[in-house]
Amino acid sequence: MPDPVSLEVVDGIAIVAIANPPVNALSQAVRAGLAGVFAAIEARDDVRAVVIYGSDRTFIAGADIREFGKPPLEPFLPDVINQIEACRLPVIASLHGTALGGGLEVAMGAHFRVADPAARFGLPEVTLGILPGAGGTQRLPRLAGAEVALDLITTGRQIGAEEALAIGLIDKIAAAGDPRTVGVAYAQDLVRQGAAPRRSSALPVQAVAPDVFEQARTRVAQKSRGQLAPLNCIKAVEGAMRLPFLEGLANERALFTELMGSDQRSALIHAFFAERQVAKVPDIKGVTARPIEKIGVIGGGTMGAGIAVAALLSGLKVTLIEREPEAVARAKANVTKTLEGSVKRGKLAQTKFDDIMATTFSASDDYSQLVDADLVIEAVFESMEVKKDVFTRLDAICKPGAVLATNTSYLDINEIAAMTSRPQDVIGLHFFSPAHVMRLLEIVVADKTAPEVTATGFELAKRLKKVAVRAGVCDGFIGNRILSHYRKAVDGAVLAGASPFDVDRALVDFGLAMGPFAVSDLAGLDIGWATRKRLAPTRDPREVYAAFSDRLCEAGHFGRKTGKGYYVYKEDGPCPNEDVLTHVADDRAAKGITPRAMSDDEIVDRYMAAMVNEAARVVEEGIALRPLDVDVTLLNGYGFPRWRGGPMQYADTVGLEKILADVARFAREDDFLWQPAPLLQRLVAEGKTFGDLNDA
Ligand code: 3H9
């Protein structure tokens, strides 16, 4: 391995280059390299200023997070940054790409900062369950004030060069150019001006209103419920206000170390790597995707319109097909309204909107508009007959090589593909609603799907900025199949004695964005009802079928859209629908169940054991490639708390023996639902974890 940090002296300017691809992370070798070159610079008498820059596409993206969880290796980053800051010569950081986390901390340890106009800055440590632990919580309040520091450090939000200049984080935005030339030119200017080192740590900390920290705590309590890192971030910035720099640094270190040892840190870093790992799919390694510029979307309801918007926002040409002129007009209005919302929220420029409406978006009731489409996504009513009809028509019209995708949530894609003369071009692209917002895309590979069609699905996902997970064909694929199982478990908890409102509260306390009954109301109770009816003929007679939800549907209560479901939706917010308790009581009575008290812990244990047990089957059957694919699915499509890392990471954290023991415990009440997954049993017997399968 070549030395990742190099030193060159040109006309009195020491140029320190960091080359540690892909993102110049601060590995031990980089830290040691920086310490070495700064010691060498101090010993020279021919140097008048120092420039640090990152080679290739970026400055430094932060600490090397692959080293986390392993024994720490010297030199430690805070010491290296203190050494840089202590340099007797002016030190200039020349920033391009992203300066994140420890990278931005290095830049704040430098005395001057010059940036490319497109550079981005941030302290995203909180999103990894830690805090800026190399002086960031101490130097940023000194440079930009405590309020700005609290905002950036507790949210991890990234900012651009203009904002960075306005808050005092950087000194100058240079004309776009390579960071070495930009840095050297600025250093020469500073030398000419006789600039001396200007250390962030020596700056005074401006006083702030006393309630600033309380307000930050309230904000964090609302937005980051259950998370430790944001609270420690606040404590660290508070330390900067009341302690001298070195003591503030020690306080930051203690708070950082506490977080490094937490399960939340392991979970969040697992989520970070898992989201990158899902794109590594062995059967498409080295396979070239087909080019995609024009797509067709069949169906302009909520889902179809959302898919169209996602594609339009990423610059694709979209033709939306509906059945008749009125439906075309409605679909067009749906898309226009959503795009106008993006303009209002500042997410889309008016000129871009005008351009989309004039040139890249069209809607029609004529399938022949799709003759030149590179990819068509069907998002019509969830019925096999309707979908088969659509695919027969697409097969007749689309050009050879066009990818034909279905957005079905449950149906058998092999059966849909069989309707065409080209099953190799058929794939599932399962979006989540609203499709222009939700990050998850399940790419469902059918038996005959060609590898380049799968690769095209992943390329499309990248273009739409989605997290794509490869799934196999089964009822519900990865996410909905697991969902239908844990839904049965929570229905079982209600039959046993909990109320749906107890279940929702316990699971929201556990960290879910919404409880499962509130989610059903949001999705529409008619959706689950239709699925239950579809599966009724094949339902095993041993299944304990919870019927209370059917009673709501029969009365026309489908959740939010009808104003009533498990909750009643009033102007001042939802409140529990007391009728539900009667339906539940009737259902229990019909089944001869005497309700019993159930603790919140038991509710969570049931929910998690059901989720993990079914997920183990999904992995064993190859529906999900690895446990991490399940985690990414549940994190990005089902509101699972990121700081718990996903169900499989959670299971590894609490121990697979506990999950298996819970399955056995609940089987005493319902031994049909609670059958242990063979993979779970095997891993427990072998003393292994799901993580071991990810690494295999
Ligand atoms: C920190 O700094 C702590 C300090 O305060 C205190 C220390 C004492 N380390 O995302 P991409 C890999 S915490 C190791 O696909 P992009 C990534 O896994 C850190 N590896 O590219 C992937 O590998 P592979 C604070 C890293 O262009 C490859 O690089 N910093 C790291 O879409 C390309 O990544 C952060 O949290 C890393 N720090 O996005 C920043 N970062 O090819 C985290 C990336 O094998 N990083 N990799 O799959 C990011 O946000 C994005 O990666 C970035 C590039 C925006 C930089």
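Everything numeric here is computed off the predicted structure, so don't read it as measured data.

**Thoughts on the sheet that holds strand E13 (residues 375-378)**
Now for step 1: Judged by pairing direction, the sheet is mixed, and its 8 strands sit side by side in the order E12-E11-E10-E13-E14-E15-E16-E17 without closing on themselves. Edge positions in the sheet fall to strand E12 (361-364) and strand E17 (467-472), since each has one partner strand and no second. Between one strand and the next, the sheet's axes are offset by a mean angle of 25°, whatever the strand orientation.
Now for step 2: Here strand E10 (residues 294-298) pairs with E13 via 4 bridges, running parallel. Opposite glycine 296, over in E13, you have valine 376 as the bridge partner.
Now for step 3: Relative to the sheet, helix H25 (residues 627-637) contacts strand E16 (440-445) and E17, its axis offset from that of E17 by approximately 125°.

**Brief notes about the UniProt feature "domain: 3-hydroxyacyl-CoA dehydrogenase NAD binding" (unreviewed entry) in the chain**
Now for step 1: Within the UniProt annotation, "domain: 3-hydroxyacyl-CoA dehydrogenase NAD binding" (unreviewed entry) is assigned to residues 294-471.
Now for step 2: Between the first and last C-alpha atoms of residues 294-471 the distance is 25 Å; the span itself is 42% helix and 22% strand.

**Examining the domain arrangement of the chain**
Now for step 1: Along its sequence, the chain is organised into domain 1 (5-261), domain 2 (292-471) and domain 3 (479-695).
Now for step 2: Here the C-alpha centroids of domain 1 and domain 2 sit 43 Å apart.

**Things to note about the site of the ligand**
Now for step 1: In the vicinity of the ligand, 24 residues are found, and the nearest of them are Ala61, Gly62, Ala63, Gly101 and Gly102.
Now for step 2: Breaking the shell around the ligand down by element, the ones donating at least two residues are strand E5 (98-100), helix H3 (102-109) and helix H11 (263-277).

**Topic: the confidence of the model for the chain**
Now for step 1: Residue-level pLDDT values for the chain average 96, and 100% of them are 70 or greater.
Now for step 2: Here the predicted complex carries an ipTM of 0.99, next to a pTM of 0.95.

**Overview of the pairing of strand E18 (residues 567-570)**
Now for step 1: Where E18 meets strand E19 (residues 573-576), 4 bridges bridge the pair, whose relative direction is antiparallel. The residue of E19 that forms the bridge with tyrosine 569 is proline 574.
Now for step 2: Two successive antiparallel strands, E18 and E19, enclose a turn made up of 2 residues.

**So, the nonpolar core**
Now for step 1: Judged by nonpolar contacts, the single largest core of 215 residues is most densely connected at Val50, Ile92, Val376 and Ile443.
Now for step 2: Looking at this core element by element, the count peaks at 11 residues for helix H24 (residues 600-620).
Now for step 3: Ignoring any residue separated from it by four or fewer positions in sequence, one finds valine 376 in contact with Ile295, Gly296, Ile298, Leu370, Leu394, Cys398, Ala402, Leu404 and Ala405.

**Regarding H25**
Count 3.6 residues to each turn of an α-helix, and residues three or four apart come out pointing the same way.
Now for step 1: Where burial is concerned, most of H25 is hidden: 11 out of the 11 residues are buried.
Now for step 2: Taken residue by residue, H25 has Pro627, Leu628, Asp629, Val630, Asp631, Val632, Thr633, Leu634, Leu635, Asn636 and Gly637 as its buried positions.
Now for step 3: Just past H25, the residue glycine 639 takes up positive phi, approximately 70°.

**With respect to the UniProt feature "domain: 3-hydroxyacyl-CoA dehydrogenase C-terminal" (unreviewed entry) in the chain**
Now for step 1: In the UniProt entry, the feature "domain: 3-hydroxyacyl-CoA dehydrogenase C-terminal" (unreviewed entry) is given for residues 476-569 and 603-688.
Now for step 2: In residues 476-569, the share of helix is 59% and the share of strand is 3%. The end C-alpha atoms are 29 Å apart.
Now for step 3: The annotated region residues 603-688 carries 67% helix and 0% strand content, and the separation between its end C-alpha atoms amounts to 26 Å.

**What to know about the sheet that holds strand E1 (residues 5-10)**
Now for step 1: Taken in spatial order, the 6 strands make up an open sheet running E1-E2-E3-E4-E6-E9, and their pairing is mixed. For this open sheet the edge positions go to E1 and strand E9 (172-173), each flanked by a neighbour on one side alone.
Now for step 2: Relative to strand E6 (residues 112-115), strand E4 (residues 91-95) is paired through 4 bridges, and the arrangement is parallel. Residue pairing in the sheet places leucine 95 in a bridge with alanine 115 of E6.
Now for step 3: Those strands touched by helix H7 (residues 179-193) are strand E2 (13-18), strand E3 (49-54), E4, E6 and E9, and its axis lies near 160° from that of E3.

**Observations concerning the packing of H11 against H25**
Now for step 1: Two numbers describe how H11 lies on H25: the axes approach to 9 Å, and their chain directions differ by 105°. Here H11 lies roughly perpendicular to H25, going by the angle between them. Contacts from Ala271, Ala274, Glu275 and Gln277 in H11 reach Leu628, Asp631, Val632 and Leu635 in H25.
Now for step 2: In the contact of H11 with H25, the residues fall into 5 nonpolar, 1 polar and 2 charged.

**So, helix H19 (residues 500-510)**
Now for step 1: Regarding H19, the residues found buried are Pro500, Phe501, Val503, Asp504, Ala506 and Leu507.
Now for step 2: If you follow the buried residues of H19, they end up packed against helix H18 (479-496), helix H20 (516-523), E19, helix H23 (579-591) and H24.
Now for step 3: Immediately beyond the C-terminal end of H19, within one or two residues, lies glycine 511, with a positive phi of roughly 130°.

**Examining the environment of tyrosine 566**
Now for step 1: By secondary structure assignment, the location of tyrosine 566 is in the loop between helix H22 (548-554) and E18.
Now for step 2: Take tyrosine 566: there are 28 C-beta atoms within 10 Å of it, and that puts it in the buried class.
Now for step 3: Between the C-alpha atoms of tyrosine 566 and glutamate 322, which are 244 residues apart in sequence, the distance is 33 Å.
Now for step 4: Excluding its chain neighbours within four sequence positions, the residues that come into contact with tyrosine 566 are Pro500, Phe517, Ala518, Ser520, Asp521, Asn577 and Val580.

Reading the values: the criteria
- Residues numbered from 1 in each chain as written.
- Predicted model: local features only at pLDDT ≥ 70, side-chain atom pairs only at ≥ 80, totals over all residues.
- Pairing = 2+ DSSP bridges.
- Helix = DSSP H or I, 4+ residues; strand = E, 2+ residues; numbered from the N terminus.
- Axes fitted to C-alpha atoms, helices over the stretch in contact; angles between N-to-C directions.
- Contact = placed C-beta atoms within 7 Å.
- UniProt positions renumbered as here; feature names shortened; annotations may be inferred.
- Domains from an automatic or database assignment.
- Near = placed C-beta within 6 Å.
- pLDDT = per-residue confidence, 0-100.
- Core = buried A, V, L, I, M, F, W, Y, C linked by C-beta atoms within 7 Å.
- Buried ≥ 20, exposed ≤ 12 C-beta atoms within 10 Å, placed from the backbone.
- Parallel < 35°, antiparallel > 145°, perpendicular 65-115°, else oblique.
- Nonpolar A, V, L, I, M, F, W, Y, C, P; charged D, E, K, R; others polar.

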